[in-house]
Amino acid sequence: MDWGLRNILLLMEHENNDDYRYKLLYGVNFYGADFRADGHVEAIVGSKYIELLKTYKPSHEKFAWALKASELSFEYRSDHLHKVYYPSLRFYPEKSGSRREV
């Protein structure tokens, strides 16, 4: 169970939780992250992700699946080593589906 769902369930343990359930708002990221080896992190949107894929052309073998995050990642090297994480198509139904449970 991810941290977001655990926190929602913790909030719902209190009395009168039905009175507040409709007030909960849970956000889902529509962006990924490009981590550089020197510690710099850049948020990336879809167009930047596509640009990185076209520029560095990682092979299928270079992609790693992050099961808990439902994200794909790959590494590339420019001025530094980079590791890019971006939500997969599987990410959104999983995240929205678990929120409907509460």
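Just so it is clear, the model here is predicted, and its values are computed rather than measured.

Engineer: Would you take a moment to explain the nonpolar core for this structure?
Structural biologist: Nonpolar side chains in soluble globular proteins tend to be buried together. Residues I44, Y49, L52, F74, Y76, V84 and Y86 constitute the largest nonpolar core, which totals seven residues. When contributions to this core are tallied by element, the ones reaching two or more residues are α3 (46-56), β4 (71-77) and β5 (81-87). Not counting chain neighbours up to four residues away, the residues in contact with I44 comprise Y31, G32, A33, D34, Y49, L52, V84 and Y86.

Engineer: Explain the confidence of the model for the protein chain to me, please; I cannot follow it from the model alone.
Structural biologist: Fine structural detail should not be taken from predicted coordinates in areas where pLDDT scores are low. The pLDDT averaged across the protein chain works out to 82; a share of 84% of its residues lies at or above 70. Ranking the elements of the protein chain by mean pLDDT puts helix α4 (residues 91-100) last, at 59, and strand β2 (residues 41-44) first, at 97.

Engineer: Would you take a moment to explain the sheet that holds strand β3 (residues 64-66) for this structure?
Structural biologist: By definition, the strands of a sheet pair up through backbone hydrogen bonds, in either a parallel or an antiparallel sense. In space, the five strands of this open sheet follow the order β2-β1-β5-β4-β3, with antiparallel pairing throughout. Each edge of the open sheet carries a strand with a single partner, namely β2 and β3. Each neighbouring strand pair of the sheet contributes to a mean axis angle of 25°, computed without reference to strand direction. Pairing geometry for β3 and β4, over three bridges, is antiparallel. Across the sheet, W65 pairs through a bridge with L72, a residue of β4. α3 rests against β1 (32-36), β2, β4 and β5 of the sheet, and its axis sits at about 50° to β4.

Parameters and conventions
- Residues numbered from 1 in each chain as written.
- Predicted model: local features only at pLDDT ≥ 70, side-chain atom pairs only at ≥ 80, totals over all residues.
- Heavy atoms only, no water.
- Core = buried A, V, L, I, M, F, W, Y, C linked by side-chain atoms within 4.5 Å.
- Buried < 20%, exposed > 50% of the residue type's maximum accessible area, 1.4 Å probe, protein only.
- Helix = DSSP H or I, 4+ residues; strand = E, 2+ residues; numbered from the N terminus.
- Contact = heavy atoms within 4.5 Å.
- pLDDT = per-residue confidence, 0-100.
- Pairing = 2+ DSSP bridges.
- Axes fitted to C-alpha atoms, helices over the stretch in contact; angles between N-to-C directions.

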